[in-house]
Amino acid sequence: PEVTNMADDGADDSFGPSKLGTKEYWDAVYKEDMTNFQDNADMGEIWFGEDCMARIVRWFRESAQVQTDSSVLDIGCGNGALLVEMAKEGFTSLIGMDYSQPSVDLAVAIAKKENLDITFQRADILNKEDPIFSADRFDLCADKGTYDAISLSPEDPTQKRQTYVSHVHRLLKDSGLLVITSCNWTKDELLEHFSSGFSSVDEIKHPTFQFGGKTGTTTTSVVFRKKD
């Protein structure tokens, strides 16, 4: 599958808005992906690539802080690829949410084809009235690119980021974990953004590169624990 990096379209308050921050864009993408899946059994793009996803799943599998029966919510699940891989690794309580109904339809179709027991539902992390907030809270929330997309919203991205942080806090059980992966924000920036309700407990390492005498990475994954 093709690898996509949202940093190509910019981000940050100075990033400027992007189509990647709109529901219309994602609806169109996943409608096309559904057609491709039905015609060619191609599940579509894997955000940040298969290697990145494998490192995240490996962390879940090897971490003493996560059990196979931990309740997991994938925020902005897209085609559900992350949860599909987690299910194959033996995780049993998996829910994916996305505000794009075509995304949910695609994820359901892929999981059915793989004969995997995963729940997918349409839900909006930014809507405080969404039924997802009335359900049981989760041991772990995962985000692979959704916070990045919210950061690219054409309408008040700073407020939406703040809303995201408070809403994820609501979704987690006491001392629950958030594993967030970003290509637009550095580790230090994520630590600042989530400082009010979370503390950093780990980092999933991704390949680094050298440029101008400095070491950097195109992808950052930080593990946060919910503060009481």
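Let me begin by describing the structure that accompanies this report. (Residues numbered from 1 in each chain as written. Predicted model: local features only at pLDDT ≥ 70, side-chain atom pairs only at ≥ 80, totals over all residues. Heavy atoms only, no water.)

**A few points about the sheet that holds strand β9 (residues 220-226)**
In step 1: Spatially, 7 strands are ordered β3-β2-β1-β4-β5-β9-β6 in an open sheet, and the strand pairing comes out mixed. The open sheet terminates on both sides in strands that have one partner only, identified here as β3 (119-122) and β6 (198-204). Averaged over all pairs of adjacent strands, the angle between strand axes in this sheet comes to 20°, irrespective of strand direction.
In step 2: As paired strands, strand β1 (residues 72-75) and strand β2 (residues 94-98) are joined by 4 bridges and run parallel to one another. Bridging across to β2, Leu73 finds its partner in Ile95.
In step 3: Docked against the sheet, helix α3 (residues 81-88) engages β1, β2, β3 and β4 (138-144), running at close to 175° with respect to β2.
In step 4: Packed onto the sheet, helix α6 (residues 157-171) meets β1, β4, β5 (172-182), β6 and β9 and runs at close to 135° relative to β5. (Pairing = 2+ DSSP bridges. Helix = DSSP H or I, 4+ residues; strand = E, 2+ residues; numbered from the N terminus. Axes fitted to C-alpha atoms, helices over the stretch in contact; angles between N-to-C directions. Contact = heavy atoms within 4.5 Å.)

**Topic: the pairing of β4**
In step 1: Within β4, 6 of the 7 residues are buried, leaving the element largely enclosed by the surrounding structure.
In step 2: Relative to β4, β1 is paired through 3 bridges, and the arrangement is parallel. Counterpart to Asp74 in the pairing with β4 is Ala142.
In step 3: Both β4 and β5 contribute to a ladder of 6 bridges, which runs parallel. Within the sheet, the bridge partner assigned to Leu140 lies in β5 and is Leu177. (Buried < 20%, exposed > 50% of the residue type's maximum accessible area, 1.4 Å probe, protein only.)

**Notes on α6**
In step 1: The terminal C-alpha atoms of α6 lie 21 Å apart, and with 15 residues this matches the ideal 21 Å at 1.5 Å per residue to within 8%.
In step 2: When we look at burial in α6, the residues that qualify are Pro157, Arg161, Thr163, Tyr164, Val165, His167, Val168 and Leu171.
In step 3: As for α6, its buried residues are in contact with β1, β4, α5 (146-151), β5, α7 (187-193) and β6. (Expected span 1.5 Å × (residues − 1).)

**Digging into the side chain of Asn79**
In step 1: Structurally, the position occupied by Asn79 is in the loop between β1 and α3.
In step 2: Residue Asn79 is classed as buried on the basis of its relative accessible area of 5%.
In step 3: A polar contact of 2.9 Å, which involves the side chain of Asn79, links it to the backbone oxygen of Glu45.
In step 4: At a separation of 3.0 Å, a polar atom in the side chain of Asn79 contacts the main-chain amide nitrogen of Ala81. (Polar contact = N/O pair within 3.5 Å; in protein donor to acceptor, adjacent residues only side chain to side chain.)

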